[in-house]
Amino acid sequence: MPRGFDHPAFDGPHVNPRALGLVQLSTLSEATWAGRIVFHPHEQRGDEPIWASPDGYAYDVGMALTHYADPDFGDAEPPRVRFVVANGATLQYASTNLWTPAP
């Protein structure tokens, strides 16, 4: 069965995120990131998200809360974004690894 969230508690049929017209979060102004719905793909190769896993679609989805420079790399790497998912947990990924509906 396809999964829409990369967590066993959220197993169920979900739409292919490609159908949502997503763009890389890092392509939008940082001032617009907070509050945006973000998707983190199962895998990513460069700028190409891989939404499918052997089990179907697998991705995390949540709402962006804050962003910050990675303390290990500073401005040399894209900002990291903290976002909250449905179960209340927060995750953090580089803005280049998050996708959001086009404005």
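Heads up: the structure comes first, above all this text.
The structure reproduced in this document is the subject of the present report. (Residues numbered from 1 in each chain as written. Predicted model: local features only at pLDDT ≥ 70, side-chain atom pairs only at ≥ 80, totals over all residues. Heavy atoms only, no water.)

Nonpolar side chains collect at one region of the surface, where I37, M63 and L65 lie side by side and expose about 230 Å² of accessible area between them. I37 gets classed as partly exposed once you look at its relative accessible area, which sits at 41%. (Patch = residues over 30% accessible without salt bridge, like charges linked within 9 Å, V, L, I, M, F, W, Y side chains within 5 Å. Areas by Shrake-Rupley, 256 points an atom, 1.4 Å probe, with all protein chains shown as cover. Salt bridge = Lys/Arg side-chain N within 4 Å of Asp/Glu carboxyl O. Buried < 20%, exposed > 50% of the residue type's maximum accessible area, 1.4 Å probe, protein only.)

In terms of burial, strand β2 (residues 37-41) is a largely internal element, 4 of the 5 residues being buried. Of the strand pairs in this sheet, β2 and strand β7 (residues 59-68) are connected by 5 bridges, and their pairing is antiparallel. What sits directly across from P41, in β7, is Y59. (Helix = DSSP H or I, 4+ residues; strand = E, 2+ residues; numbered from the N terminus. Pairing = 2+ DSSP bridges.)

All right, on to the pattern of salt bridges then. The final tally for this structure, using the stated rule, is 2 salt bridges. Of the charged contacts in the structure, one is a salt bridge between E48 and R18, with a shortest N-O distance of 3.0 Å. With E48 in strand β4 (residues 48-50) and R18 in the segment before β1 (22-24), the pair connects residues that are 30 residues apart, well separated along the chain. When the shortest N-O distance is used, the salt bridge between R45 and E43 registers 3.0 Å. Accessibility expressed as a relative area gives 53% for R45, which makes it exposed. In this structure E43 comes out as partly exposed when scored by relative accessible area, which is 31%.

Let us look at the packing of aromatic side chains. For any pair of aromatic rings, geometry is given as the distance between the ring centres together with the angle between the planes. This structure, assessed with the given rule, holds 4 aromatic pairs. Judged by centre distance (5.6 Å) and plane angle (50 degrees), the ring pair of F39 and Y59 falls under tilted. With F39 in strand β2 and Y59 in strand β7, this residue pair connects regions lying 20 residues apart in the sequence. Exposure remark for Y59: the relative accessible area of 5% places this residue in the buried category. Here W51 and Y59 contribute two aromatic rings whose centre-to-centre distance is 5.8 Å and whose plane-to-plane angle is 90 degrees, an arrangement assigned as edge-to-face. In this structure, W51 and Y59 share a single accessibility class: buried. Among the aromatic residues, ring-to-ring pairing joins F39, W51 and Y59 into one connected group. (Phe/Tyr/Trp six-rings, centres within 6.5 Å; stacked < 30°, edge-to-face > 60°.)

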